[in-house]
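# Structural characterization, general
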Amino acid sequence: MADKKKVNPENPQNFTGIRVSETQKKAAGLPAVIKSVQHVYNEVGIARGTKTMFALNQKGGIDCPGCAWPDPDDERSKLGEYCENGAKAIAEEATSKKLTAEFFKRHSVSSLSQLSDYEIGRKGRLAEPMYLPQGADHYEAITWDKAFEKIAHHLNQQENPNQSIFYTSGRTSNEAAFLYQLFARAYGTNNLPDCSNMCHESSGAALSETLGIGKGSVTLDDFNHAEVIMIMGQNPGTNHPRMLTALEKAKKNGATIITVNPIKEAGLLAFANPQKMSGLLGGKTDLTDHYLQIRLNGDLALLQAINKMLFTREEEYTKQVLDHDFIQKHTEGFEAFQRHLEGLSLDELIRHTGLPKEQIELIAQILSEKSKIIICWAMGLTQHKNAVDTIKEVVNLLLLKGSIGKEGAGTCPVRGHSNVQGDRTMGIHEKPSSKLLDKIEEVFQFEVPRKYGYDTVAAIEAMHEGKANVFFGLGGNFISATPDTLYTAQALQNCDLTVHVSTKLNRSHLIHGKEALILPCLARTDVDLKNGKARFQSVENSMGVVHSTQGKLSPISDDLLSEVEIICRLAQATLHNSSIEWDKYAEDYDFIRDSIEQTIHGFGKYNERVRKDGGFYLPNCARENKFNTSSQKAQFSVSDFRPIELAENEFLMMTIRSHDQFNTTIYGLDDRYRGIYNERRVIMMNPMDIKTLGLSSGDIVDLTNEQFGQHRIAKKFIVVEYNIPRRCTATYFPEANVLVPIQSKADKSHTPVSKSVVIRIGKHAE
Ligand SMILES: Nc1nc2c(c(=O)[nH]1)N[C@H]1C(S)=C(S)[C@@H](COP(=O)(O)OP(=O)(O)OC[C@H]3O[C@@H](n4cnc5c(=O)[nH]c(N)nc54)[C@H](O)[C@@H]3O)O[C@H]1N2
Ligand SMILES: Nc1nc2c(c(=O)[nH]1)N[C@H]1C(S)=C(S)[C@@H](COP(=O)(O)OP(=O)(O)OC[C@H]3O[C@@H](n4cnc5c(=O)[nH]c(N)nc54)[C@H](O)[C@@H]3O)O[C@H]1N2
Ligand SMILES: [Mo]
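Because the structure is a prediction, the values reported are computed rather than measured. (Residues numbered from 1 in each chain as written. Chains lettered and ligands numbered in written order. Predicted model: local features only at pLDDT ≥ 70, side-chain atom pairs only at ≥ 80, totals over all residues. Heavy atoms only, no water.)

### Side note on the domain arrangement of the protein chain
Interface size is commonly expressed as the accessible area that is lost once the parts come together. Entries for the protein chain in the domain assignment read domain 1 (36-194 + 420-612), domain 2 (202-413) and domain 3 (644-763). Opposite the 25 residues of domain 1 that make contact, domain 3 presents 23 residues. At the boundary of domain 1 with domain 3, total buried surface from both sides reaches about 2000 Å², with 56% on carbon and sulfur atoms. Of all residues in domain 1, Tyr118, Val457 and Asp484 bury the most surface against domain 3, accounting for 27% of the area lost on that side. Where domain 1 packs against domain 3, one counts 2 salt bridges. The partner of Lys88 in a salt bridge is Asp660, with the nearest N and O atoms 2.7 Å apart. For the pair domain 1 and domain 3, the number of links is 12 residue pairs in polar contact (both at pLDDT 80 or more). Mapped onto the side of domain 1 that touches domain 3, the elements with two or more residues apiece are helix 3 (84-94), helix 6 (117-122), helix 24 (456-464), helix 25 (478-481) and helix 26 (485-494). When residues of the side of domain 1 that touches domain 3 are assigned to their parent elements, the largest contribution, 5 residues, is made by helix 3. Residue classes in the side of domain 1 that touches domain 3 are distributed as 9 nonpolar, 7 polar and 9 charged. (Domains from an automatic or database assignment. Contact = heavy atoms within 4.5 Å. Buried area = accessible area lost by both parts, 1.4 Å probe. Salt bridge = Lys/Arg side-chain N within 4 Å of Asp/Glu carboxyl O. Polar contact = N/O pair within 3.5 Å; in protein donor to acceptor, adjacent residues only side chain to side chain. Helix = DSSP H or I, 4+ residues; strand = E, 2+ residues; numbered from the N terminus. Nonpolar A, V, L, I, M, F, W, Y, C, P; charged D, E, K, R; others polar.)

This is the structure:
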């Protein structure tokens, strides 16, 4: 028991043996296929693996548990609609290795916490419910009934329901998400933080305010008609590989692709389509026409510079540049926006981008001549202090060009988790609209809590301050995904009880409250049998298509429950006298979908339509040029750019994903496209910066952050020379999360600022 307290909330600092080579100039091709097959067959075996791969993303098949990129509405590849990283996601969850009580008897919590996230993930699928008693260092087996009893006891013991937190990660199905939020609200709280808070919350905030809908407006088919596609702060070659197929098609149809990214990502340079023989033989399609290697957090300045140039060109080229009809009919705030831009110094804006003026002028020229423009973005825009303003400036650009609500044009925030968008649609939101709450009251006849709940950052602070005592996670890996790792660890350790519904072991099971529970659930790929019949659930992709997903593999253990059943049994144990028919929901997923239809807009004839091949589109007002803002018009907005001031020895750091990870799940130690192998504790730096600091490639450094009066340190990172703008650096998430201050969050959306962390770099000191 003595070493009990020595749990490690961080990844260990030992090195794994770095190899560095040239960065790659194209993505996918034969190596991607080989990697896919290796991952699946090594982990899953040939029979199980082949069965899954062929069902992936097919109509009526399994929705890939990886990213949220949509499936083609029309033809799908017979070879399988998957990518290398989808294959890794499958290998990860379909593995036949399993963790039973025996495993936890042999391995203590403190010893497991000394392993890296990669090693922890290798252990296998969780196979039975486990309980960690107060003061113990080993999880022990517990029955499902006892587990629910314990949770109910703690939940009902709280003086106030707002002392409990119900977190969701974005893999949860629509059905489970709907019941989960219903349960939390019936219990009495809106404390429903989710991974969105750390992800596209800034997009939701900016788009709701300006266009009246927190989701993107384009469909996959729009890519076939676009004249210009701008890709800002996104690395699709790794994180949304099937998007490259859409870009390849767009390119063939004549689109110009403009990329805005501090580093040259292989997947944005060129694509060798692994679904085509030519691609397998090495043939490639060049993707990006204009690559803007912007300084970190320079995007707002860039967009304002472009918008300013569009106005100048409008003057010069007899009013052919802006779409005045659209602006007049559909928007508000144009004059104020124009006046504000006039007051900004172009030279100043350009300086903050770090880009040559001519390059920005060329982009403005291209945009001025086209009107079908799609702008895509992901975490490179959303995880900054001024993220909401940056995305509002994206909207300004599209509004100037009338590039919304028409074929080949619009907003495209590319979502992360495969059902993160659906979870929000189902009501997982700490700040629910009164419309949703009214509807829940009407359908379910109980008084819902009206007070807003905690988002992710606020939840951590509440646990830290002792205002919240029970943490329940439906999926996810809270300790590794959140900022300020040591602060968050204390927050979780303060809790009376932490509970995780999970498929795989992760660090959040090891950095626990006074008591802890692991509830193992069925995964996407698992068949969900009830009375001998296989059941399906549904999800919503990044473009608002709702469709079914049905697992095919026999579960690795008989002791797993579906997430739906777990929530229903939790609700039954906790809520006495609930008039909600939890037992019927647990039995019959059609019944859940009927309730969703009654409660959530856009789900008419849910059960019928979700059974159709490919599913159905949810209504999207922006797509139809109807803007659900208070004035029913799209809003131009005005933002001031406040550059991050760096002291002489400070740098900006982005924390990004390698090619071998899904968030905190580490598939392997290589970042193939970036040429970094077998090591994750690296910091990518500009060669001149390395020199100025008196360092050399391969040196070992410690990284520190001193913001908000706190000393944060991440020890032992290897310096890697990289083509990245001066004073900008990159590390991998989650190893560097320890440096992201809890107080450092985006204005309005409260998303942790994980892409512009202010750091200092010094030679490692023992
Ligand atoms: N295989 C795989 N797929 C995934 C995931 C995964 O981890 N692995 N994660 C899923 C999830 S939840 C999400 S949210 C998405 C994440 O998808 P991405 O957003 O593509 O993921 P990141 O690695 O965070 O990469 C951000 C990109 O933004 C760039 N960038 C960083 N800062 C800036 C900036 O200030 N300006 C600009 N213009 N660019 C910047 C980086 O160089 C990088 O190319 O992917 C989803 N899909
Ligand atoms: N520094 C830094 N931090 C970041 C980011 C960043 O770019 N930089 N990105 C942020 C983003 S965009 C996101 S979305 C968050 C991600 O935050 P989370 O969603 O909390 O983290 P994941 O790593 O996706 O969660 C992985 C765990 O989910 C469980 N799991 C997998 N599949 C299932 C399932 O089907 N059901 C259940 N119940 N459990 C399952 C497994 O146990 C696995 O260990 O991290 C954020 N954190
Ligand atoms: Mo995400």
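After that view, the rundown keeps rolling.
### A short note on the sheet that holds strand 2 (residues 27-28)
Overall, mixed pairing links the 3 strands, which are arranged 2-10-11 in an open sheet. Bordering the open sheet on either side are strand 2 and strand 11 (285-286), each of which pairs with just one other strand. Strand direction decides the pairing type here: strand 10 (residues 270-272) and strand 11, joined by 2 bridges, are antiparallel. Looking across to strand 11, one finds that Phe271 is bridged to Thr285. (Pairing = 2+ DSSP bridges.)

### A word on the site of ligand 2
Around ligand 2, a shell composed of 30 residues is seen, among which Tyr167, Ser169, Ala481, Glu563 and Thr664 lie nearest. Taking Tyr167, its side chain carries an N or O atom lying 2.7 Å from an oxygen atom of ligand 2. Ala481 places a main-chain nitrogen or oxygen 2.6 Å from a nitrogen atom of ligand 2. In isolation ligand 2 has 920 Å² of accessible area, and contact with the protein removes 96% of it. For the shell around ligand 2, the class distribution of residues is 10 nonpolar, 15 polar and 5 charged. (Near = heavy atom within 4 Å. Areas by Shrake-Rupley, 256 points an atom, 1.4 Å probe, with all protein chains shown as cover.)

### Concerning the layout of surface pockets
Looking at the largest pocket, its volume works out to about 1500 Å³. As for the largest pocket, its lining consists of 40 residues, and the residues nearest its centre are Ile213, Gly214, Lys215, Arg424 and Ser433. Those elements giving two or more residues to the lining of the largest pocket turn out to be helix 9 (201-211), helix 22 (420-425) and helix 23 (434-444). With 4 residues, the single largest contributor to the lining of the largest pocket is helix 9. Here the residues of the lining of the largest pocket are counted per class, giving 10 nonpolar, 19 polar and 11 charged. (1 Å grid on protein atoms, 1.4 Å probe; cavity = no way out; pocket = protein on both sides within 12 Å on 5 of 7 lines; lining within 4 Å. Points joined across faces, edges and corners; volume = space filled by probe spheres on them.)

### Comments concerning the packing of aromatic side chains
All chains considered together, the criterion is met by 23 aromatic pairs. Between Phe104 and Tyr139, the ring centres sit 5.6 Å apart and the planes meet at 65°, which makes this aromatic pair edge-to-face. Remark: Tyr139 occurs in the loop between strand 5 (130-132) and strand 6 (140-141) and Phe104 occurs in helix 4 (residues 101-106); sequence separation between them is 35 residues. Grouping aromatic residues by their ring pairs yields a cluster made of Phe166, Tyr180, Phe183, Tyr187 and Phe472. The positively charged end of Lys264 is found above the aromatic ring belonging to Tyr291, 5.6 Å away from the centroid. Here the guanidinium or amino end of Arg609 rests over the ring plane of Phe616, the centre of that ring lying 4.0 Å away. (Phe/Tyr/Trp six-rings, centres within 6.5 Å; stacked < 30°, edge-to-face > 60°. Lys NZ or Arg CZ within 6 Å of the ring centre and 35° of its normal.)

### Examining the sheet that holds strand 12 (residues 290-292)
As summarised here, the arrangement of the 5 strands in space is 12-9-8-14-15, forming an open sheet in which the pairing is parallel. Two strands close off the open sheet at either side, each with one partner strand: strand 12 and strand 15 (410-413). Strand-to-strand twist of the sheet, defined as the mean angle between neighbouring strand axes without regard to direction, takes the value 15°. As paired elements, strand 8 (residues 228-232) and strand 9 (residues 256-260) share 5 bridges and run parallel to each other. Note on strand 9: the bridge partner recorded for Met232 is Val260. In the packing of helix 9 onto the sheet, contacts are made with strand 14 (373-377) and strand 15, and the angle to strand 15 comes to roughly 160°. Together, strand 8, strand 9 and strand 14 form the strand contacts of helix 12 (residues 243-252), whose direction differs from that of strand 8 by roughly 150°. (Axes fitted to C-alpha atoms, helices over the stretch in contact; angles between N-to-C directions.)

### Regarding the nonpolar core
Most often, soluble globular proteins have nonpolar side chains that are buried together. Counting residues in each nonpolar core, the largest one holds 59 residues, and the members touching the most others are Ile151, Phe183, Leu519, Trp582 and Tyr585. Examining the composition of this core, we find that 9 residues originate from one element, helix 8 (residues 174-187), more than from any other. Setting aside its immediate chain neighbours within four residues, Leu519 contacts Trp144, Ala147, Phe148, Ile151, Phe472, Val499, His500, Val501, Ser502 and Ile566. In this structure, Ile258, Leu302, Phe326 and Leu397 belong to the second largest nonpolar core, which totals 54 residues. (Core = buried A, V, L, I, M, F, W, Y, C linked by side-chain atoms within 4.5 Å. Buried < 20%, exposed > 50% of the residue type's maximum accessible area, 1.4 Å probe, protein only.)

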